[in-house]
Amino acid sequence: MSIALHRLTKSFGVAQVVDDLSLQIDDGEFAVLLGPSGCGKTTTLRMIAGLESATSGDILIDGERVNDLPPQRRDVAMVFQSYALYPHMTVAENVAYPLRVRKMDRDQISEQVQRTAAMLEIKALLDRRPRDLSGGERQRVALARAIVRHPRAFLMDEPLSNLDAKLRLQMRAELKHLQQQLGTTTVYVTHDQAEAMTLGHRVAVMDQGKLQQFDAPLTIYNEPANRFVAGFVGSPTMNFVDGEIGLAERRFVNPQFALPLTESQLDRFQRMGMKQVTMGMRPEHISVSLGELSGGQPASVYVTELMGNETFVILEIDTTRLVARAPGEFRAATSDRAWLKFDMSKAHWFDQAGARI
Ligand code: ATP
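We now turn to the structure provided with this report. (Residues numbered from 1 in each chain as written. Predicted model: local features only at pLDDT ≥ 70, side-chain atom pairs only at ≥ 80, totals over all residues. Heavy atoms only, no water.)

1. Things to note about the site of the ligand
Near the ligand you find Phe12, Val17, Pro36, Ser37, Gly38, Cys39, Gly40, Lys41, Thr42, Thr43 and Glu158, and these make up its full shell. Between an oxygen atom of the ligand and a side-chain N or O atom of threonine 43, the distance comes to 2.5 Å. Burial of the ligand by the surrounding chains reaches 55%, relative to a free accessible area of 630 Å². (Near = heavy atom within 4 Å. Polar contact = N/O pair within 3.5 Å; in protein donor to acceptor, adjacent residues only side chain to side chain. Areas by Shrake-Rupley, 256 points an atom, 1.4 Å probe, with all protein chains shown as cover.)

Structure (structure tokens):
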């Protein structure tokens, strides 16, 4: 089913927590709402579910306005961070519950529960109670309960955030696999950019109640709409340097250093008459050498972070601090001299309001 939000707003008193949000989520799509804590993601999801009323705007499910439909008539299943399992029921009873309230007959319920349990590999747990399960097992049961009745959409609110790091990665892959298998439209809320990038067909980045960009993960990564999106997605985060376009010297000029601009950048900035800009550069587009590089920008090593497969090198050019990605075997000590090469063709540019140029 498709879900469309049209100029949706939500206010609590004077606080407008969702601000003029429009989104079109396609049938079968896995859409992720991504943003920092408090940006209005959960409130948006709850409005789609019908757990929260909209202050203004429309929510359309398959083209039909559902603002006034109660949650149970919207045919969507919600999965919460807290799992929200019934503690006094066994796993089997928890999973069966949505079918029981829909008065499905006993044999059919049992068959559906078995089939869903097999899919989520929880058959061995069916007789246990939630308190006797690990976090990962509880989350599987919560998912089973959501999918057992074949809802037309899943709404998931940070469903993996109570799991430890390893389990989280494992469940992330399983969720993606499951969604591909079922093809059910899914709206997934998270503040974890890695989760958003790996799960979503498209990611809606929100900040302070406003949609910043809604695009495929790689588009968000490679062509962020503004400085907020550029800085929120990617780890380590994108480097930002404020400066001026020096048309005469054909360089991007910062008080502490200058970098050569490409022909097309020069052309573009000249046509636009831009002067004050912010350059964005991903850590993988800065290469570091401890031997002098001709044309390299001298810098000093602030600290290195060894990740095993790669090394993050935090550097300073005077007081400008930058992060570069180096190979896993890269080693350097604090205050070592280093030379940097910037892949200027990969630079991102933002105007003073933070919009992408
Ligand atoms: P988080 O990731 O922390 O859950 P979020 O992006 O999901 O954040 P929301 O839960 O949607 O954010 O909350 C957005 C804002 O609305 C927050 O500032 C929150 O305090 C506020 N808010 C949410 N529910 C209510 C409520 N019932 N009454 C008043 N303010 C609320």
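2. Digging into helix α3 (residues 106-119)
With 14 residues, α3 extends 20 Å from end C-alpha to end C-alpha; this agrees with the ideal 20 Å at 1.5 Å per step. Turning to α3, its buried residues number three or more, namely Ile109, Gln112, Val113, Thr116 and Ala117. The arc that holds the buried residues of α3, viewed along the axis, is 130°, so those residues lie on one side. Turning to α3, the residues buried within the fold contact α2 (91-101) and α4 (135-147). (Helix = DSSP H or I, 4+ residues; strand = E, 2+ residues; numbered from the N terminus. Expected span 1.5 Å × (residues − 1). Buried < 20%, exposed > 50% of the residue type's maximum accessible area, 1.4 Å probe, protein only. Arc of directions from axis to C-beta. Contact = heavy atoms within 4.5 Å.)

3. Some words on the sheet that holds strand β6 (residues 76-79)
Within the open sheet, the six strands sit side by side as β6-β7-β8-β3-β9-β10. Their pairing is mixed. Two strands in the sheet have a free side with no partner beyond their single neighbour: β6 and β10 (210-215). Across the sheet, the mean angle from the axis of one strand to that of its neighbour is 15°, orientation sign disregarded. As defined by bridge partners, strand β7 (residues 153-157) adjoins strand β8 (residues 185-190) across five bridges and the pair is classed as parallel. (Pairing = 2+ DSSP bridges. Axes fitted to C-alpha atoms, helices over the stretch in contact; angles between N-to-C directions.)

4. What to know about the environment of glycine 200
Structurally, the position occupied by glycine 200 is in the loop between α6 (193-199) and β9 (202-207). Of the residues examined, glycine 200 reaches a relative accessible area of 10% and is grouped as buried. Residues contacting glycine 200, with those up to four places away along its chain left out, are Phe30, Val32 and Pro217.

5. Things to note about the pairing of strand β3 (residues 30-34)
Every other side chain in a regular strand lies on the same face of the sheet, so the side chains alternate between the two faces. Extensive coverage of β3 is indicated by the burial of five of its five residues. Along β3, one buried face is formed by Phe30, Val32 and Leu34 and the opposite face, lined by Ala31 and Leu33, is buried too. With four bridges connecting them, β3 and β9 associate as parallel partners. The residue of β9 that forms the bridge with leucine 33 is alanine 204.

6. With respect to the packing of aromatic side chains
A complete count under the given rule lists seven aromatic pairs for this structure. Summarising the aromatic geometry, the rings of phenylalanine 252 and tryptophan 349 are spaced 5.3 Å apart at their centres and angled 70° between planes, so their arrangement reads as edge-to-face. Here tryptophan 349 lies in strand β20 (residues 348-350) and phenylalanine 252 lies in strand β12 (residues 251-254), a separation of 97 residues in the sequence. For the pair phenylalanine 252 and tryptophan 349, a shared accessibility class is recorded, and that class is buried. Aromatic ring contacts, followed pair by pair, group Phe252, Phe269 and Trp349 into a single cluster. Taking the ring centre of phenylalanine 269 as reference, the NZ or CZ of arginine 268 above it sits at 5.8 Å. Here arginine 282 stacks its cationic end above the ring of tyrosine 221, 3.8 Å away from the centre of that ring. (Phe/Tyr/Trp six-rings, centres within 6.5 Å; stacked < 30°, edge-to-face > 60°. Lys NZ or Arg CZ within 6 Å of the ring centre and 35° of its normal.)

7. A few points about the sheet that holds strand β13 (residues 257-260)
Taken together, the five strands give an open sheet; going across it, the order is β13-β12-β11-β14-β20, and neighbouring strands pair in antiparallel fashion. The open sheet has two edge strands with one neighbour each: β13 and β20. Geometrically, the sheet is characterised by an average inter-axis angle of 40° between neighbouring strands, direction not taken into account.

8. Re the pattern of salt bridges
For the structure shown, the criterion picks out 22 salt bridges. With a closest N to O distance of 3.9 Å, arginine 131 and aspartate 132 form a salt bridge. Among the ionic contacts, a cluster of salt bridges with common partners joins Asp62, Asp75, Arg149 and Arg152. (Salt bridge = Lys/Arg side-chain N within 4 Å of Asp/Glu carboxyl O.)

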